[in-house]
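Descriptive structure summary
Chain by chain, the residues run as shown.
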Number of protein chains: 2
Amino acid sequence: MTNSNPKLTEKTITTKPIFSGKVISLQIDTVELPDGSTGMREIIRHPGAVAVLAVKDGRLLLVDQYRQALGRCELEIPAGKLEAGEDPMEAARRELREETGYQCAKITLLHSFYTSPGFADEIIHLYLAEELTAGDMAPDEDEFLEVIEANYEEVQRYIEEGRISDAKTILAAYIWRLQLIGSRETGK
Amino acid sequence: MTNSNPKLTEKTITTKPIFSGKVISLQIDTVELPDGSTGMREIIRHPGAVAVLAVKDGRLLLVDQYRQALGRCELEIPAGKLEAGEDPMEAARRELREETGYQCAKITLLHSFYTSPGFADEIIHLYLAEELTAGDMAPDEDEFLEVIEANYEEVQRYIEEGRISDAKTILAAYIWRLQLIGSRETGK
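The name an unreviewed UniProt entry assigns to chain A is NUDIX hydrolase, from the organism Paenibacillus faecis. In UniProt, chain A has this text filed under Sequence similarities (unreviewed entry): "Belongs to the Nudix hydrolase family." The annotation that UniProt attaches to chain A under Cofactor (unreviewed entry) is "Mg(2+)".

This is the structure we're talking about:
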């Protein structure tokens, strides 16, 4: 997991905390650059998150919700922040259940990826949830959302229209496409 | 591009600026939630960025660089922030040239996506650069990097090892994989 090229490594000289909030915190790090000069890095700390690729009867489970950062609603795969000390796989099961009502009998890690490594340490653990059974939604109290189930063509149209416009959901759509190609090739 | 479900929409009541830096700014928005109650949203503003999927002679162009947010180096596709008023396509050509030395005769937008819509407005415009010719690198003065050219199997290995671990680069690897499947199917 590590990669330390000494010719590129920066050394932290000081860390100045700027803000600590409910979701994120902000600090400014002063660093020594590889040539010995000094640089400043604005860094966001985030608890990490999970996201779930779940397909029920050929339809991707999506959640429509308002995103204040964008000033509009967006369709995304079910996702949410990790709670303190929470196992990511359990968090994925929890978010799927809370946001869509579905429970899954099978869950597999697809990727763990950083969303914005240039300024943030947010990592998203993306899971594939299978063997789904319907149940009741239980969103957080400050979370208002609607579940949309979309077939492959609808997902492609939502991406073209910009209703789906976030990295994790577009990535999930590509993974789904490769699964469909794989099923076609193996005749499943 | 817009999607406004009135049942989900939040209304901004106040915006409190917390920090304005070189790369990002932070504000806290107080919002009226759909049920009339009040919520707080921590929001990062970012100028937006570009990233470039470029394959030369069957090898993906990657940049190894230190990421202070992660405390280690990471291999990513060439990318960088938009400068004020800069056209994203020109920025993509510029970043490719500055970070790898390569110039491209053909460039196509693949996707524009938000990296972390839950708390940030950062958008990345991902381009496909083709018809590449080599030249000299010219990184920014606080940017230290090394160019790595990796074939498809090496890219998959870097993803498994976590040396590639950011959303845009993993997304680019999936798009490349689909291009390779497409070429194979059409016999190109």
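Moving on, there is more to tell.
1. Let's talk about the relation of the copies chain A and chain B
Between the two copies, chain A and chain B, the superposition gives an RMSD of 0.0 Å; the rotation angle is 180° and the shift along the axis is 0.0 Å. Both copies are brought into coincidence by an operation consistent with a two-fold rotation axis. Both copies share a contact surface, since 100% of the interface residues of chain A are interface residues in chain B too.

2. Concerning the interface of chain A and chain B
Taken together, the 73 residues of chain A in the interface contact 73 residues of chain B. Buried area between chain A and chain B, both sides added, is near 6,600 Å², and the carbon and sulfur share of it is 62%. Linking chain A with chain B are 2 salt bridges, by the criterion used here. Among the ionic pairs, Glu146(A) bridges to Lys7(B), the shortest N-O distance being 3.0 Å. For the pair chain A and chain B, the number of links is 28 residue pairs in polar contact (both at pLDDT 80 or more). Tallying contributions element by element places helix α3 (residues 167–186) of chain A first for the side of chain A that touches chain B, with 11 residues. Of the residues assigned to the side of chain A that touches chain B, the class counts are 33 nonpolar, 16 polar and 24 charged.

3. Considering the domain arrangement of chain A
Residue and element names in this part refer to chain A. When its domains are assigned, chain A resolves into domain 1 (6–45) and domain 2 (49–186). A C-alpha centroid distance of 31 Å is found between domain 1 and domain 2. Taken together, the 6 residues of domain 1 in the interface contact 5 residues of domain 2. Three residues stand out in domain 1 for area buried against domain 2, namely Val 23, Ile 44 and Arg 45, and they jointly supply 68% of the buried area on that side. Put simply, domain 1 and domain 2 have 1 salt bridge between them. Between Arg 45 and Asp 121 there is a salt bridge, and its shortest N-O distance comes to 3.3 Å. At the boundary of domain 1 and domain 2, one finds 3 residue pairs in polar contact (both at pLDDT 80 or more). For the side of domain 1 that touches domain 2, a count of residues per class yields 3 nonpolar, no polar and 3 charged.

Rules and cut-offs
- Numbering of residues starts from 1 in every chain and runs along the sequence as written.
- Just so you know, chain letters begin at A and ligand numbers begin at 1, following the order they were written in.
- In view of the model being predicted, local features appear only for residues whose pLDDT reaches at least 70, and side-chain atom pairs are presented and counted only at 80 or more, with totals across whole chains, interfaces and linings using the full set of residues.
- Side-chain figures throughout are based on the complete set of non-hydrogen atoms in the structure, without hydrogens or water.
- UniProt positions are given in the numbering used here, feature names are shortened, and annotations may be inferred rather than shown by experiment.
- Superposition of the copies used a least-squares fit over C-alpha atoms from residues whose pLDDT is at least 70 in both.
- Whether two residues are in contact is decided by their heavy atoms: any pair within 4.5 Å suffices.
- Simply put, the buried area is the total loss of 1.4 Å probe accessible area from both parts when two parts are fitted together.
- Take a side-chain nitrogen of Lys or Arg and a carboxyl oxygen of Asp or Glu: if they are within 4 Å of each other, that pair is a salt bridge.
- Definition of a polar contact: a pair of N or O atoms within 3.5 Å, with one able to donate and the other able to accept a hydrogen when the atoms are protein atoms, and with sequence-neighbouring residues admitted only if both atoms are side-chain atoms.
- Secondary structure is summarised from DSSP: a helix means a run of H or I of at least four residues, a strand means a run of E of at least two, and numbering begins at the N terminus for each.
- Side-chain classes are defined by residue name, with Ala, Val, Leu, Ile, Met, Phe, Trp, Tyr, Cys and Pro counting as nonpolar, Asp, Glu, Lys and Arg as charged, and the others, Gly among them, as polar.
- Each domain's extent is set by a domain assignment, obtained either automatically or from a database.

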